[in-house]
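Here are the chains, one letter per residue:
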Amino acid sequence: MSSINPTPRDHNKARVLDVVLSCAPLTRNKLIDITGLSKATVSRAVEELRADGFVVDGGVDAVVGRGRPSTYLDVPETAGHVVGVGFGAVTTGVLVTDLRGRELGRMIVPTVEHDDVPAAGRWLADLIVRTAASARGPLRQVVAALPAHVRDGAEVFRPADRMKIFSGRELQRTVEQLLDAPVTFDSDANASLLQVLTDDTSIRDAALFSVSSTLNFATCKDHELARGRTPAFGDIGALSSGIDDHTLNELLSTAGLVKFARDRGWDVERVEDLSPTPHDPSARAQMLNAFTTAVTTAVSIVAVTLDPESVYFVGRLSSLVDEVLPDVRERLEHTLPAVPRITTVSQVLGLSVASGAVHACLAMAHDRLRDTLLKARSQGPHQGHTEPAF
């Protein structure tokens, strides 16, 4: 009988699986270079993973001059898929990829308002199922990012006004039961920052503000998302904006900014009405000054507490941030010894957040597969598998 603890052979196999999932397609020689394992150890692990259903032969590496061509190792679509969701107050985007990030399906639709959580859960689960219709293998992970603070990957609190019905854990439980797969919720800010980190691996310490239906905040340290130890972490919108008694969320969210303008006599209904050519330039000037002050305050707070190299803004108010950035930088230069780089990040509505959620999915799925492999205590190649062994 085998021992309870994983053996070195198990850990070597897990290491090879990690690299294949993260770097495929790649040759055996590249796999040996990355893992630092011997050729015999890598070959044995590859054959076991092939039998488990996680490795297949891909194309052939072109060879210049003499030598035998190398066959690329790849991850088959049958190994499973993941789903990232950008569940916004206005638009919902769903992105499906296989375990190495190849896109299998996408869908962007207007978010349907629901009066009860079960109906919303069924709508969201059906949207995921339809988008993943062409995917093969098991559904390994779903991450749904939404404009809210999320605790423990399940509990929604302080969501955008149009999504207050989703406060609590019921929506996560409903979707997870309907899909019979792991479902994790997260904030749209975390998903957006994860996408930024994926696009630029040189970023170490940064902060990001999602200025849309509600104000959300995310930060990273040493290229890793920071989650904090308490539910208060990231709830920067509750702090004072520096304008009267208004909070940051009241001035750095679409609904809040429109209300601020209306309270000052500007007849606007939507954030799109806050255009550079208004009928009331005086009211717009008041709105812009308040917005500039709020942005300056938000950047000041994170600059002195977190010391980020860069501060990013995403969301529906990003164009307005671009408009006031010169004034924001000038104000900060008078109050801070060093001003971080401040920039906006363009996004595809509904899809960019879903893409960030996919990256979170892939990391979770890879970690879970590695842990499952070590617990499975594989006793060697499993012959005849048509589906992944775990």
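Note that this is a predicted model, so its numbers are computed, not measured. (Residues numbered from 1 in each chain as written. Predicted model: local features only at pLDDT ≥ 70, side-chain atom pairs only at ≥ 80, totals over all residues. Heavy atoms only, no water.)

**Some words on the nonpolar core**
Thought 1: Counting 49 residues, the largest nonpolar core has Val-16, Leu-17, Leu-31, Leu-99 and Leu-193 as its most contacted members.
Thought 2: Of all the elements in the fold, those that place two or more residues in this core are α1 (8-23), α2 (28-35), α3 (39-52), α6 (188-199), β11 (206-211), β12 (215-221), β14 (310-314) and α11 (351-376).
Thought 3: Of the residues forming this core, the biggest block, eleven residues, is contributed by α11.
Thought 4: In contact with Leu-193, not counting residues within four places along its chain, are Leu-208, Ala-218, Thr-219, Cys-220 and Leu-225. (Core = buried A, V, L, I, M, F, W, Y, C linked by side-chain atoms within 4.5 Å. Buried < 20%, exposed > 50% of the residue type's maximum accessible area, 1.4 Å probe, protein only. Helix = DSSP H or I, 4+ residues; strand = E, 2+ residues; numbered from the N terminus. Contact = heavy atoms within 4.5 Å.)

**Topic: the pattern of salt bridges**
Thought 1: Taken as a whole and assessed by the stated rule, the structure comprises 28 salt bridges.
Thought 2: Linking Asp-126 and Arg-130 is a salt bridge whose minimum nitrogen-to-oxygen distance equals 2.9 Å. Highlighted residues: Asp-126 and Arg-130, both in helix α4 (residues 117-131), separated by four residues, approximately one helical turn.
Thought 3: On the basis of relative accessible area, Arg-130 is assigned to the partly exposed category, the value being 43%. (Salt bridge = Lys/Arg side-chain N within 4 Å of Asp/Glu carboxyl O.)

**So, the sheet that holds β12**
Thought 1: Read from one edge to the other, the open sheet built from five strands follows the order β13-β12-β11-β14-β15, with strand pairing classed as mixed. The open sheet terminates on both sides in strands that have one partner only, identified here as β13 (224-225) and β15 (341-344).
Thought 2: Pairing between β14 and β15: four bridges, direction parallel. Paired with Tyr-312 across the two strands is Thr-343, which belongs to β15.
Thought 3: The strands touched by helix α10 (residues 318-335) are β11, β14 and β15; relative to β15, the strand with the most contacts, the crossing angle is about 165°. (Pairing = 2+ DSSP bridges. Axes fitted to C-alpha atoms, helices over the stretch in contact; angles between N-to-C directions.)

**Examining the state of the cysteines**
Thought 1: Inspection of the entire model under this criterion finds zero disulfides.
Thought 2: For Cys-23, which is in no disulfide, the shortest distance to another cysteine sulfur is to Cys-361 and amounts to 19 Å.
Thought 3: A relative accessible area of 36% means that Cys-23 is categorised as partly exposed. (Disulfide = S-S within 2.5 Å.)

**Some thoughts on the sheet that holds strand β4 (residues 81-87)**
Thought 1: Strand order across the open sheet formed by five strands is β6-β5-β4-β7-β10, with mixed pairing between neighbours. The strands lining the two open edges of the sheet, one partner per strand, are β6 (103-110) and β10 (183-187). Each adjacent strand pair in this sheet contributes to an overall mean axis angle of 15°, direction not counted.
Thought 2: Strand direction decides the pairing type here: β4 and strand β7 (residues 139-146), joined by six bridges, are parallel. Along β7, the bridge assignment pairs Val-85 with Ala-144.
Thought 3: With respect to the sheet, α11 is in contact with β4, β5 (91-98), β6, β7 and β10, its orientation differing from that of β4 by roughly 145°.

**So, the packing of α1 against α3**
Thought 1: Interhelical geometry of α1 versus α3 gives an angle of 75° and a closest axis separation of 9 Å. The pairing of α1 with α3 is recorded here as roughly perpendicular in orientation. Contacts from Arg-9, Asn-12, Lys-13, Val-16 and Leu-17 in α1 reach Thr-41, Arg-44, Ala-45, Val-46, Glu-48, Leu-49 and Asp-52 in α3.
Thought 2: Of the residues belonging to the contact of α1 with α3, the class tally is five nonpolar, two polar and five charged. (Parallel < 35°, antiparallel > 145°, perpendicular 65-115°, else oblique. Nonpolar A, V, L, I, M, F, W, Y, C, P; charged D, E, K, R; others polar.)

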